[in-house]
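Fold and geometry: a report
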Amino acid sequence: MSRPDTDLLQSLSAEHSQRLKDLMDRALLEFIQPNSASQFAQHAPELAKFRETIAHVDSNDNIEFLRSFRESVPTTDYEPYRPYMAKFFATDCNESDVKNLFAPGLPYYIAVSSTTSGKPAKTFPIYRLAPSRLHHPLYLSLPPSEGSTLSPSSLGVWRVLKMCCEDGQISKMLPMCSVSVGLLRMQKNWDVEHDMDRLDLWVPGKTDPYAISLVKSYRAFFVLNALFALVDRRVTTIRFLFASLFVNFLQYVEDEWTLLIDCIEKGIIPDLENIDHVRETLEKHFTPNPLRAAELREIGPPGIQGWAVRVWPDLKRFIGITGGSAAASVPKVTNVLGPSVFMYSPSYGSSECFIGEPYFNGDPNTDYKVLPIDGVIEYLDVNEPSERVLSAWELVTGGHYEPVLTTRNGLWRYRLGDVVSVKGFAPDDGLPVINYLHRRNGSLGLAYGSTCTESQLTNAIVSASKRWIGQIIDFTVVADDRATPVTYGYFVEIGGEIGKDAKMAKQQTFEDLISNDEYRITFWAGTARKPTIRLVERGTFREYRKQKCEKTNVSTAQVKVPIVLSDATFKEWFLQKVIMEL
């Protein structure tokens, strides 16, 4: 579908700058004034200068309070917060020890990062949103839809943390889970203590009954979601956190097609692993539908262009992240959806903070308008060594920046580690519109010192696959040390036939990567070599997600394939899946 031309401002007028500054000042005060009384703000060494400064400031002088913040609060990483987070994991966690720890009161849940990098997960307390903010579009996981929405949601938690009163009685139970799971629980007011009491629930407008969200088996979760989605002809919206997860879903539909259609015809729940606790409930929700089964048999499994709109004739939109590591899945997704389905991203953010919503006057798949709703975003210019923190009104269109977060949940000038580019400024309020590029430290530093960014590595293989290899499903990059010097080694999974000139992909990938100055210099100096491309068997990346999910206990919706894979064990696992080298 055609999109409107962008209306972005390339620079800010004095009026827009002042309006933006006023907006940011109000939002920043909303976060830091209450959070300045937290345990962290009162005792963390990183905020000692800030505490000293505001001690001499009139408590009603907002201008001086903001100046104190901007002049005396340094940028932070995760380390200052770690000893405070450890209080939640104490054997006997007293409520008084963690109350007002980072923000007023007690958190609603503990968010767990995705562990995509292979490093230990980070945890962050997330406090209950004000009722007026709870259904803000930035947080809205399921936008209003006229028909049904296919949006598999897991309520799985890593563990449940118990807090006690002074008398030793349990006062609160905190779920540790992904941000998407925690936000859904918060919006629906679903506490973990009564998960099993809601088994018969079916949220209106969703294809999947509540019970499926309690299924932990990766395969069973997707197969059951496919079963209930296929039988529902009224789907108008498909939503997956990542486009690549929708491709996983489609692979299960294709592999289990005969089973799924037979079950729909007969009204039975298939024999799947680890679903005994929900089987009886699901059986009550599922009845025979031979007419729908016959219709689906005639359509056939995924494969043809526009398959999704044949299965769901009223399908209008697909919501899912299509940038970063998910970019490789876009050709497959667009082929299955067909040209009539409107695609856009849900939002841009992280476990630490929701940052921006899609900007619909540009490309809503890649353009995000930064909103000061969950936090105020400042910036570091990645090309400047001074690391001076910049405010939104100081940004330059085309510049590359690392977001710095001060959040409602108690982070102070926290460095996110992403790199974004500024596309322009919204004409109504001057807020920056950005594109996500890559992780700042996500490149693969090879022995010869060349570092191509994640976005360069992604763009090169997606382009080469589209032209030479075939329809790419997913990929990752490792250090290929089979010869010297070490080089970029791609593992790629494709769907369908391999292109007859697939071996040309290696040269095109090389030509794209050599646009990186460091790589070009080292290559011509003889200390670098061309990248390698190895194809892996069908279903490899689906199995990777399954193993990662089971190994780390993260939500099924949260597992991402890293663009750069550093885990030596998984590297060896991928090597066993290779079927061809180009």
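All of the points below concern the structure found in this document.

Cut-offs used in this document
- Residues numbered from 1 in each chain as written.
- Predicted model: local features only at pLDDT ≥ 70, side-chain atom pairs only at ≥ 80, totals over all residues.
- Heavy atoms only, no water.
- Pairing = 2+ DSSP bridges.
- Helix = DSSP H or I, 4+ residues; strand = E, 2+ residues; numbered from the N terminus.
- Axes fitted to C-alpha atoms, helices over the stretch in contact; angles between N-to-C directions.
- Contact = heavy atoms within 4.5 Å.
- Patch = residues over 30% accessible without salt bridge, like charges linked within 9 Å, V, L, I, M, F, W, Y side chains within 5 Å.
- Areas by Shrake-Rupley, 256 points an atom, 1.4 Å probe, with all protein chains shown as cover.
- Salt bridge = Lys/Arg side-chain N within 4 Å of Asp/Glu carboxyl O.
- Buried < 20%, exposed > 50% of the residue type's maximum accessible area, 1.4 Å probe, protein only.
- Phe/Tyr/Trp six-rings, centres within 6.5 Å; stacked < 30°, edge-to-face > 60°.
- Lys NZ or Arg CZ within 6 Å of the ring centre and 35° of its normal.
- Parallel < 35°, antiparallel > 145°, perpendicular 65-115°, else oblique.
- Nonpolar A, V, L, I, M, F, W, Y, C, P; charged D, E, K, R; others polar.
- Polar contact = N/O pair within 3.5 Å; in protein donor to acceptor, adjacent residues only side chain to side chain.
- Left-handed = near helix turned anticlockwise from the far one by under 90°.

Once that is clear, we can look at the sheet that holds strand β4 (residues 159-164). Note: strands within a sheet are paired through backbone hydrogen bonds, in either parallel or antiparallel orientation. A sheet is described by the order of its strands in space; here 4 strands give the open sequence β2-β1-β5-β4, paired in mixed fashion. Two strands close off the open sheet at either side, each with one partner strand: β2 (123-126) and β4. Geometrically, the sheet is characterised by an average inter-axis angle of 25° between neighbouring strands, direction not taken into account. Across 2 bridges, strand β1 (residues 109-112) lies against strand β5 (residues 170-177) in parallel orientation. When the bridges of β5 are listed, Ala111 appears paired with Cys177. Across the sheet, helix α7 (residues 179-188) lies against β1, β2 and β5, angled at about 155° from β1, the strand it touches most.

On the surface, a nonpolar cluster with roughly 240 Å² of combined accessible area is contributed by Ile498, Ile579 and Met580. Positionally, Ile579 belongs in strand β21 (residues 578-581). Among the residues examined, Ile579 registers a relative accessible area of 53% and is labelled exposed.

Along helix α15 (residues 454-469), the residues classified as buried are Glu454, Ser455, Leu457, Thr458, Ala460, Ile461, Val462, Ala464, Ser465, Trp468 and Ile469. Looking at the packing, one finds that the buried side of α15 touches β17 (432-439), β18 (471-480), β19 (487-495), α16 (504-513) and β20 (532-536).

This brings us to the packing of aromatic side chains. Per the counting criterion, the structure on display carries 44 aromatic pairs. Aromatic side chains Tyr544 and Phe570 sit 4.8 Å apart centroid to centroid with 65° between the ring planes, which places their arrangement in the edge-to-face category. Separated by 26 residues along the polypeptide, Tyr544 in helix α18 (residues 540-552) and Phe570 in helix α19 (residues 568-575) bring together distant segments of the chain. With a relative accessible area of 1%, Tyr544 lands in the buried category. Taking relative accessible area as the criterion, Phe570 reaches 4% and is therefore assigned buried. One aromatic cluster is present, formed by Phe40, Tyr78, Tyr81, Tyr84, Phe102, Phe124 and Tyr414 through successive ring pairs. The aromatic ring of Phe510 is capped on one face by Lys530, whose charged end is 5.1 Å from the ring centroid. Against the face of Tyr252 rests Arg542, its NZ or CZ located 4.4 Å from the ring centre.

What follows deals with the packing of helix α8 (residues 218-231) against helix α9 (residues 243-255). Look at α8 against α9: their axes get within 9 Å of each other, and the N-to-C directions meet at 80°. Considering their axes alone, α8 and α9 lie roughly perpendicular with respect to each other. Each of Tyr218, Arg219, Phe222, Val223, Asn225, Ala226, Ala229 and Leu230 in α8 lies in contact with α9, whose residues at this interface are Leu245, Asn248, Phe249, Tyr252 and Val253. Classifying every residue of the contact of α8 with α9 by side-chain character gives 10 nonpolar, 2 polar and 1 charged.

A few words now on the side chain of Arg545. Here Arg545 is to be found in helix α18. Reaching out from Arg545, the side chain makes a polar contact with the side chain of Ser244 at a distance of 3.2 Å. Apart from residues lying up to four places away in sequence, Arg545 is in contact with Tyr218, Ser244, Leu245, Asn248, Asp474, Val559 and Val561.

Within the structure shown, the criterion is met by 41 salt bridges. For the salt bridge of Arg82 with Glu79, the shortest nitrogen-to-oxygen distance reads 2.7 Å. The class for Arg82 is partly exposed, based on a relative accessible area of 40%. Classification of Glu79 as partly exposed rests on a relative accessible area of 44%. Here the residues in one salt-bridge network are Asp480, Arg482, Arg529, Arg534 and Glu581, joined through shared partners.

Here we take up the pairing of β2. Of the two faces of β2, the one lined by Thr123 and Pro125 and the one lined by Phe124 and Ile126 are each fully buried. Bridge analysis of β1 against β2 gives 4 bridges, and the strand direction is antiparallel. Within the sheet, the bridge partner assigned to Ile110 lies in β2 and is Pro125.

With that settled, consider unusual backbone geometry. Cis geometry marks the peptide bond from Thr484 to Pro485, where omega comes out at -5°. Tracing the sequence through the fold places Pro485 in the loop between β18 and β19. One non-glycine residue with positive phi stands out, namely Asn100, at about 55°. Unusually for a residue other than glycine, Asn189 sits at a positive phi of about 60°. Relative to the assigned elements, Asn189 resides in the loop between α7 and α8.

Turning to the pairing of β5, a few remarks are in order. Strand direction decides the pairing type here: β4 and β5, joined by 6 bridges, are antiparallel. Bridging from a neighbouring strand, Val160 pairs with Pro175 of β5. Connecting β4 to the next strand, β5, in antiparallel fashion are 5 residues, including Gly168 with a positive phi near 90°.

Moving on: the side chain of Asn409. Relative to the helices and strands, Asn409 resides in the loop between β14 (400-407) and β15 (414-415). On the basis of relative accessibility, which here comes to 5%, the residue Asn409 falls in the buried class. Side chain to side chain, Asn409 and Arg408 meet in a polar contact 3.5 Å long. Setting aside residues no more than four positions away along its own chain, Asn409 makes contact with Asn35, Phe102, Ala103, Pro125, Ile126, Tyr127 and Asp374.

Let us now look at the sheet that holds strand β3 (residues 148-150). Taken in spatial order, the 4 strands of this open sheet run β3-β6-β7-β8, and their pairing is parallel. On the outer flanks of this sheet lie β3 and β8 (342-344), each paired with one strand and no other. Between one strand and the next, the sheet's axes are offset by a mean angle of 20°, whatever the strand orientation. Bridge analysis of β3 against strand β6 (residues 235-242) gives 3 bridges, and the strand direction is parallel. Its bridge partner lying in β6, Thr149 is registered against Thr237. Packing of helix α14 (residues 330-337) onto the sheet brings it into contact with β6, β7 (317-321) and β8, and relative to β8 it is tilted by some 150°.

A separate point is the packing of α9 against α14. In the contact formed by α9 and α14, the axes pass within 9 Å of each other and the chain directions differ by 60°. One finds that α9 runs oblique with respect to α14. Helix-helix and strand crossings are classified by hand; for α9 and α14 the assignment is left-handed. Facing α9, whose interface residues are Ala243, Phe246, Val247 and Leu250, α14 presents Lys332, Val333, Val336 and Leu337. Counted by class, the contact of α9 with α14 contains 7 nonpolar, no polar and 1 charged residues.

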